[in-house]
Amino acid sequence: MMKVEYINPFIKATTEVFKTMLNMEITTGKPYIKASPFVADSLMIIVGITGEIRGQASLSMSAELAKDIASTMMMGMPVEELDELSKSALSELANMIMGNSATLLFNAGVNIDITPPTLMMGDNMQVSAGSMRTVCVPLISELGEVMLDVSVKE
């Protein structure tokens, strides 16, 4: 069973980073368990977690929302398509969120390391977390919904 103490730092970090980096308020939807494999939205950024807990955390969103977020991160520069620059901005956002999550977990006595983010794009991507349970937290912003998926085991 995944402990709520492992999920909350990811929610808190995502909410804070969206507020400071994107000036965007996030409302948290009701968390639920996703069956494995699950289908991801058209853009997904995955970060591996190692240390006292192991697994992965990911953010998935529509390509349209990803363009809006990338544009905001790049000081309002229009983003017509997700090129290397905009993908780099999105990966950096995920990196900040996961780094902050790691700090929050460390402060709570759980020591983890994170891998560099992997960004994937495509339609109907199948994601399998193996034997781990995946907790999905819908994060609702004025621009759309980001799915925060956390799959960890001790």
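Counting of residues starts from 1 at the beginning of each chain's written sequence and follows it residue by residue. Given that the model is predicted, a residue must reach a pLDDT of at least 70 before its local features are reported, and side-chain atom pairs must reach 80 or more before they are shown or counted; all residues, however, enter totals for whole chains, interfaces and linings. Calculated side-chain values reflect all of the structure's heavy atoms, with hydrogen atoms and water omitted.

## Things to note about the nonpolar core
To qualify as a nonpolar core, a set must consist of buried Ala, Val, Leu, Ile, Met, Phe, Trp, Tyr and Cys residues joined through side-chain atoms within 4.5 Å. Burial classes follow relative accessibility: with a 1.4 Å probe on protein chains only, a residue under 20% of its type's maximum area counts as buried, one over 50% as exposed, and anything between as partly exposed. Counting residues in each nonpolar core, the largest one holds 43 residues, and the members touching the most others are Phe 18 and Ile 69. Under the DSSP-based scheme used, a helix requires at least four consecutive residues in state H or I and a strand at least two consecutive residues in state E, with every element numbered from the N terminus. Secondary-structure elements contributing two or more residues to this core are α1 (4-22), β4 (43-51), β5 (54-61), α2 (63-73), α3 (84-107), β9 (134-141) and β10 (144-153). Once you skip the residues sitting within four places of it in the chain, Ile 69 turns out to touch Phe 18, Leu 22, Met 61, Leu 90, Leu 93 and Val 146. Contact between two residues is taken to exist if any of their heavy atoms lie within 4.5 Å; hydrogens are not considered.

## Here's the deal with unusual backbone geometry
For Asn 23, which is not glycine, the phi dihedral falls at a positive 50°. Inspection of the secondary structure puts Asn 23 in the loop between α1 and β1 (27-28). Of the residues examined, Asn 23 reaches a relative accessible area of 66% and is grouped as exposed. Positive phi values are uncommon outside glycine, yet Met 75 reaches one of about 55°. Here Met 75 is to be found in the loop between α2 and α3.

## Considerations on α3
By definition here, a helix of n residues has an expected span of 1.5 Å times n minus one. The terminal C-alpha atoms of α3, which comprises 24 residues, lie 34 Å apart, in line with the 34 Å expected from a rise of 1.5 Å per residue. Considered for burial, the residues of α3 that qualify are Ser 86, Ala 89, Leu 90, Ser 91, Leu 93, Ala 94, Ile 97, Met 98, Ser 101, Ala 102 and Leu 105. Turning to α3, the residues buried within the fold contact α1, β4, β5, α2, β6 (112-114) and β7 (118-121).

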